[in-house]
Amino acid sequence: DHSYSRRLEKMLTVIDTHESVSSDCGHRAIGYVRFSDTETLPEFSLEDSNLTLLCSSPPAGLPGWVRTIVTPNGKGFAAAMNAAAFESASDYLVVGSPGLNGQSQRIEQLLSAFHKDLYSAMLLFHGEGGKDITGFAMPVRTLLEAGLFRYGNASLCIQDMAYRLMDMGQTVTDAVLAGPALDDSEFSLVPSEEDLREFGKEWTSRPEDRLLAQRLMSNSTENALKLNNEEAKRFIYESLEICPGFLRSKRQLAGMLLKDGSIREAQKQLNEIRDIDPLDFQSAFLYATSLYMSKQDDQSLQVLDELHRTDLSPVEQASAHYLSGLIMKRKLEPGMARKHLMSALEADPRHSNALKELSLIALEDNQPGEALVFMKRRLQIAENDETLNDIGVICWQAGFKEDAFLWFSKALEKNPASREAVGNLANAGSELGRLSEVTPFIQKALLHFPNDKELSELSAMAGRAK
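Residues numbered from 1 in each chain as written. Predicted model: local features only at pLDDT ≥ 70, side-chain atom pairs only at ≥ 80, totals over all residues. Heavy atoms only, no water.

Looking at the layout of surface pockets
Working step 1: Considering only enclosed or pocket space, the second largest pocket measures out at about 220 Å³ in volume.
Working step 2: What lines the second largest pocket is simply Arg150, Tyr151, Glu198, Lys201, Glu202, Arg210, Phe246, Leu247, Arg248, Arg251, Asp277 and Asp280. (1 Å grid on protein atoms, 1.4 Å probe; cavity = no way out; pocket = protein on both sides within 12 Å on 5 of 7 lines; lining within 4 Å. Points joined across faces, edges and corners; volume = space filled by probe spheres on them.)

And the structure:
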């Protein structure tokens, strides 16, 4: 995000700190994080009050100025880094093995990049060959923007963080700094097959192309927000040409194709994602939605049943149950529909669409009182003309016709262009003998629908009723 507000926020952060990042500038600017095993006592040449030793158990004989962070061995590199970031009192972290000894001046020269470039977020240290990662440096605040470290292996963990920062438009700078590879530290684990698979899904086999594809996706999102859908799709197709394995592009393209009614093309994209990641909720849910749209209800329910058996977040549970409820309603099974919709509400009490469907089911079951309860709950979440009009409809069917007239009026006060509400108000006014009161609402609606013959006839009828 390169918006003005974002840049201003970063400038204020810099202004609030010292111009120098030197460790003797009067505050805890740099925290040197080093590793140690339990058998040897490392040599310390960075005699700085901010040096922190990361270890599974503190060695005996440490100098008094060395702070230790104890993290259990075997938890992985990400756990160690997250502990170092949040337990250290420093603004900046410099992480590496004892090979950083004697290089504090060189490191602080490199750290000046964080003040020269507001978008500088990480320094990535490599050995002379450029292959092994020997350390990294970053402001602690960066974690507040990018999120916690992930992955037990050091290389995967650091590369993942670097790519995430670049994905956000931040700058990651490579630098040569001699020292042992962080993969050799006691906290780095051998990459598991699951970690390698997850890393590959996120960054593909060509991370640089994947990052470029994400920039195109940002352009697509901007166009979609402006309702330039064709231009938005063009950027998505370009991103897939550059990085065919970018699942996010495929998922967003599938969603846009579904909105356009191109169900088969959307399903093609979704099936490709599901072949790579069968547990991806968004893709599976979109696929179930596509089946629902093509009236393949049983197949859609099968996909949703598979989702219900997985570990879903509350929002995901609500979405899956809501779609299941819609399908059961269409299959004329109101009992099962109600059960799923209530489950959606349990997972997400503010699911306004579930409340509306429950209200409609109650109304079809000749329970207007219960329907009104659900719809008034919805009003607390979404006070819009649609909800106000729906409450009017329920009141009318329940026999509370004067109340219905009032709710239709409120809907039009909220949105004078609500065609459904003005029609309902006109019908209610005609039956209640209050048609003259409807005239101002009809005239406002005609400004939005000047060629609407029915509204013109209602306006003339209301005029004669005066």
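Side note on the packing of helix H14 (residues 314–330) against helix H16 (residues 352–364)
Working step 1: At a minimum axis distance of 10 Å, the contact between H14 and H16 shows a crossing angle of 25 degrees. It follows that H14 is roughly parallel to H16 by the angle criterion. As H14 packs across H16, the resulting crossing turns out to be left-handed. Of H16, the residues touching H14 (which contributes Tyr322, Leu326 and Lys329) are Asn353, Ala354, Glu357, Leu360, Ile361 and Glu364.
Working step 2: In terms of residue class, the contact of H14 with H16 is built from 5 nonpolar, 1 polar and 3 charged. (Axes fitted to C-alpha atoms, helices over the stretch in contact; angles between N-to-C directions. Helix = DSSP H or I, 4+ residues; strand = E, 2+ residues; numbered from the N terminus. Parallel < 35°, antiparallel > 145°, perpendicular 65-115°, else oblique. Left-handed = near helix turned anticlockwise from the far one by under 90°. Contact = heavy atoms within 4.5 Å. Nonpolar A, V, L, I, M, F, W, Y, C, P; charged D, E, K, R; others polar.)

Side note on the packing of aromatic side chains
Working step 1: For the structure shown, the criterion picks out 5 aromatic pairs.
Working step 2: Ring plane angle 50 degrees and centroid distance 5.4 Å describe the contact between tyrosine 163 and tryptophan 203, whose orientation is recorded as tilted. With tyrosine 163 in helix H6 (residues 154–167) and tryptophan 203 in helix H7 (residues 193–203), the pair connects residues that are 40 residues apart, well separated along the chain. A single burial state applies to tyrosine 163 and to tryptophan 203, both of which are buried.
Working step 3: The interplanar angle of 15 degrees and the centroid separation of 5.6 Å between the aromatic rings of phenylalanine 281 and phenylalanine 285 together place this pair among those described as stacked. Of this pair, phenylalanine 281 and phenylalanine 285 both sit in helix H12 (residues 281–293), 4 residues apart, roughly one helical turn. Take phenylalanine 281 and phenylalanine 285: they sit in the same class, and that class is buried.
Working step 4: Here the aromatic cluster, defined as three or more aromatic residues joined through ring pairs, consists of Tyr151, Tyr163, Phe199 and Trp203.
Working step 5: In this structure, arginine 234 is placed above the aromatic ring of phenylalanine 235, and the distance from its NZ or CZ to the ring centre is 4.6 Å. (Phe/Tyr/Trp six-rings, centres within 6.5 Å; stacked < 30°, edge-to-face > 60°. Buried < 20%, exposed > 50% of the residue type's maximum accessible area, 1.4 Å probe, protein only. Lys NZ or Arg CZ within 6 Å of the ring centre and 35° of its normal.)

Re the pattern of salt bridges
Working step 1: Counted by the stated rule, this structure contains 28 salt bridges.
Working step 2: Here glutamate 306 makes a salt bridge to arginine 274, at a shortest N to O gap of 4.0 Å. Note that glutamate 306 is positioned in helix H13 (residues 297–308) and arginine 274 in helix H11 (residues 263–276), a separation of 32 residues in sequence.
Working step 3: Notably, a salt bridge pairs glutamate 431 with lysine 401, separated by 2.6 Å at the nearest N-O pair. Of the two residues, glutamate 431 is situated in helix H20 (residues 419–432) and lysine 401 in helix H19 (residues 401–414); the sequence distance between them amounts to 30 residues.
Working step 4: Residue glutamate 431 is classed as partly exposed on the basis of its relative accessible area, which comes to 48%.
Working step 5: The class of lysine 401 is partly exposed, set by a relative accessible area of 28%. (Salt bridge = Lys/Arg side-chain N within 4 Å of Asp/Glu carboxyl O.)

Structural notes on the side chain of glutamine 267
Working step 1: Summarising the element assignment, glutamine 267 is placed in helix H11.
Working step 2: Only 3.0 Å separates the side chain of glutamine 267 from the side chain of serine 290, close enough to count as a polar contact.
Working step 3: Beyond its immediate chain neighbours, meaning those up to four positions away, glutamine 267 contacts Tyr287, Ser290, Leu291, Ser294 and Gln296. (Polar contact = N/O pair within 3.5 Å; in protein donor to acceptor, adjacent residues only side chain to side chain.)

A closer look at unusual backbone geometry
Working step 1: Positive phi outside glycine occurs at leucine 332, with the angle close to 60 degrees.
Working step 2: With respect to the secondary-structure elements, leucine 332 resides in the loop between H14 and helix H15 (334–347).
Working step 3: Under the relative-accessibility criterion, leucine 332 is labelled exposed at 73%.
Working step 4: Here asparagine 366, not a glycine, exhibits a phi torsion of approximately 60 degrees, which is positive.
Working step 5: Considering the arrangement of structural elements, one finds asparagine 366 in the loop between H16 and helix H17 (368–381).

Here's the deal with the nonpolar core
Working step 1: Core analysis: the largest hydrophobic core is formed by 45 residues, its most contacted members being Leu304, Leu307 and Leu323.
Working step 2: By residue number, the principal contributor to this core is H12, which donates 8 residues.
Working step 3: Setting aside residues no more than four positions away along its own chain, leucine 323 makes contact with Phe285, Ala288, Thr289, Tyr292, Ser300 and Leu304.
Working step 4: Core analysis: the second largest hydrophobic core is formed by 36 residues, Leu93, Met122, Ile158 and Tyr163 among them. (Core = buried A, V, L, I, M, F, W, Y, C linked by side-chain atoms within 4.5 Å.)

Re the confidence of the model for the chain
Working step 1: The pLDDT averaged across the chain works out to 83; a share of 83% of its residues lies at or above 70.
Working step 2: When the criterion is pLDDT under 50, residues 14–29 qualifies, and its contacts beyond four places in sequence or with other chains add up to 31 contacts.
Working step 3: Note on residues 44–49: pLDDT under 50 across the span, and 21 contacts to partners over four residues away in sequence or across chains. (pLDDT = per-residue confidence, 0-100.)

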